[in-house]
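Descriptive analysis of the structure
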Amino acid sequence: GGGTPSILKINEIAEILDAIHRNYTVSKDPEITLEANPDDLVDPQSGTQGGSRTLFQEYRTIGINRLSIGIQSFFERDLRFMHRAHSSEQAKACLLGAKTYFENLSVDLIYGVPGMSGAQWRQNIATALSFGIPHISSYALTVEPKTALAHWIKEGTVPDVDDARAQEHFYMLKDILEDKGFVHYEISNFGKPGFFSRNNTAYWQQRNYVGIGPSAHSYDGSNRMWNSKNNSKYIKALKQDILPLEMENLSLTDRYNEYVMTGLRTLWGVSLDKIGAEFGFRYQEYLMAQAQKHIAQHLLFWDGDVLRTTRKGTFFVDGLASDLFMLNLS
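Notes on the structure follow. (Residues numbered from 1 in each chain as written. Predicted model: local features only at pLDDT ≥ 70, side-chain atom pairs only at ≥ 80, totals over all residues. Heavy atoms only, no water.)

Let's talk about the layout of surface pockets
- Here the second largest pocket is characterised by a volume of approximately 360 Å³.
- Mapped onto the lining of the second largest pocket, the elements with two or more residues apiece are β4 (135-140), α8 (163-179) and α15 (317-324).
- By residue class, the composition of the lining of the second largest pocket is 12 nonpolar, three polar and three charged. (1 Å grid on protein atoms, 1.4 Å probe; cavity = no way out; pocket = protein on both sides within 12 Å on 5 of 7 lines; lining within 4 Å. Points joined across faces, edges and corners; volume = space filled by probe spheres on them. Helix = DSSP H or I, 4+ residues; strand = E, 2+ residues; numbered from the N terminus. Nonpolar A, V, L, I, M, F, W, Y, C, P; charged D, E, K, R; others polar.)

Focus on a negative patch on the surface
- On the surface, a cluster of negative charge is contributed by D160, D162, D163 and E168.
- For D162, a relative accessible area of 38% gives the class partly exposed. (Patch = residues over 30% accessible without salt bridge, like charges linked within 9 Å, V, L, I, M, F, W, Y side chains within 5 Å. Areas by Shrake-Rupley, 256 points an atom, 1.4 Å probe, with all protein chains shown as cover. Salt bridge = Lys/Arg side-chain N within 4 Å of Asp/Glu carboxyl O. Lys, Arg positive; Asp, Glu negative; His and termini not counted. Charge placed at Lys NZ, Arg CZ, Asp CG, Glu CD. Buried < 20%, exposed > 50% of the residue type's maximum accessible area, 1.4 Å probe, protein only.)

With respect to the pattern of salt bridges
- Per the stated rule, a full pass over the model turns up 10 salt bridges.
- For R265, the salt bridge identified is with D318, shortest N-O distance 2.7 Å. Taken together, the positions of R265 in the loop between α11 (252-264) and β10 (270-271) and D318 in helix α15 put the pair 53 residues apart, joining distant regions of the chain.
- Classification of R265 as partly exposed rests on a relative accessible area of 22%.
- Judged by relative accessible area, D318 falls into the partly exposed class, the value being 47%.
- One salt-bridge network, in which partners are shared between bridges, spans E186, R265 and D318.

Section: the sheet that holds strand β3 (residues 105-111)
- In space, the six strands of this open sheet follow the order β1-β2-β3-β4-β6-β5, with mixed pairing throughout. At either end of the open sheet lies a strand with only one pairing partner, and these are β1 (33-36) and β5 (183-186). The mean angle between the axes of side-by-side strands here comes to 25 degrees, regardless of whether they run parallel or antiparallel.
- In the sheet, β1 pairs with strand β2 (residues 66-72) via four bridges, with the strands oriented parallel. For A36, the partnering residue across the bridge sits in β2 and is I69. (Pairing = 2+ DSSP bridges. Axes fitted to C-alpha atoms, helices over the stretch in contact; angles between N-to-C directions.)

Some remarks on the nonpolar core
- Ranked by internal contacts, the top residues of the largest apolar core, which has 69 residues, are Y59, I64, L67, I69 and L264.
- Element by element, the count of residues in this core is highest for α8, at seven residues. (Core = buried A, V, L, I, M, F, W, Y, C linked by side-chain atoms within 4.5 Å.)

A word on the sheet that holds strand β8 (residues 223-227)
- A sheet is described by the order of its strands in space; here three strands give the open sequence β7-β8-β9, paired in antiparallel fashion. Strand pairing shows two members of the sheet lacking a second neighbour, β7 (217-219) and β9 (245-249), which therefore form its edges. Going across the sheet, the axis of each strand differs from the next one's by a mean of 20 degrees, ignoring polarity.
- Note that β7 and β8 share three bridges and pair antiparallel. Across the sheet, the residue bridging to H217 is W226, located in β8.

Here's the deal with helix α13 (residues 281-296)
- Relative to the 22 Å expected for 16 residues at 1.5 Å per residue, α13 spans 23 Å between its end C-alpha atoms, a close match to the ideal helical length.
- Q290 marks the point of greatest bend in α13, at about 25 degrees.
- Contacts from the buried residues of α13 go to α11, β10, α12 (272-278), β11 (300-303), β12 (306-309) and α15.
- Just downstream of α13, H298 is the residue with a positive phi angle, here 65 degrees. (Expected span 1.5 Å × (residues − 1). Bend = angle between axes of the 7 residues up to and from the residue. Contact = heavy atoms within 4.5 Å.)

As for the pairing of β11
- By the bridge criterion, four bridges tie β11 to β12 in an arrangement that is antiparallel. By the bridge assignment, F301 is partnered in β12 with R308.
- Counting the residues between successive antiparallel strands, the hairpin from β11 to β12 contains two residues, one of them, G304, with a positive phi of roughly 70 degrees.

The following block contains the structure:
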């Protein structure tokens with residue numbers, strides 16, 4: 001992941017996986033996910049898979065056991081608006097083929113798209129569910145500076161993102177998926193039991209991870225590292241046996257802030273006991289004091305010693321977390 005690895009040929013992906021198995025101790029039952037776009041998985045003209053041996057079979061043969069597919073929407077208007085290369089029919093053909101070979105599937109959907117009605121959003125969710133997808137990642141459309149979308153909004157060509165509509169879509173998604181047996185285990189992620197993303201869960205639970213390749217990030221519990229994002233510089237450095245990375249040592253306060261940020265976004269919340277054990281009493285006191293006003297507004301609540309968002313507070317979790325950050329302790 002971290003890009004679009006589905007543009008790689010089968011033998012190229014196989015080489016990467018082989019290198020991992022030769023150089024690392026791999027667990028007996030690893031989750032090996034490939035992030036993919038529908039247009040890389042189906043015939044661009046017909047919207048169907050070609051050949052007697054499908055690409056999905058090839059992925060299974062080399063060890064891929066989970067696909068994360070960037071569907072985004074099943075409406076042509078939305079796909080054109082987001083400049084996606086695939087069509088709605090390709091998206092459906094892709095999922096039809098994928099589910100034949102993969103039980104562990106995830107799709108990405110975007111909500112809050114200008115002009116998308118509640119009925120259309122509900123239909124997007126229903127279409128994804130009709131394929132028996134056990135995991136859905138869903139994100140609000142955001143406007144990044146200096147992008148085509150930002151320019152169009154400024155010029156009035158397209159309407160601006162409506163936060164109220166995005167909030168409506170978010171709660172609609174939450175209600176529908178939870179009613180269908182999905183667990184809302186992270187703010188943007190819903191999974192059936194047994195189908196939570198192991199990779200992303202590791203990030204949210206602050207486990208160590210290794211990132212390989214240009215621009216990839218790693219974490220060892222105390223330090224955060226990131227590789228050079230320049231392809232040629234990255235390759236040149238490796239040829240000289242140099243790891244082309246930068247490193248940031250995280251202070252106690254940095255690690256507290258990251259735990260609050262990731263914990264509050266998840267099913268597991270922020271444990272007061274863990275804060276006391278890992279960061280100390282003054283961090284406990286600070287968290288309790290900062291949380292009080294949000295508890296009074298019914299955005300946060302204490303579940304035993306664990307701080308969690310209320311239903312109302314879930315949509316505003318990033319702002320709530322930032323208000324709980326410690327800024328003045330080293």
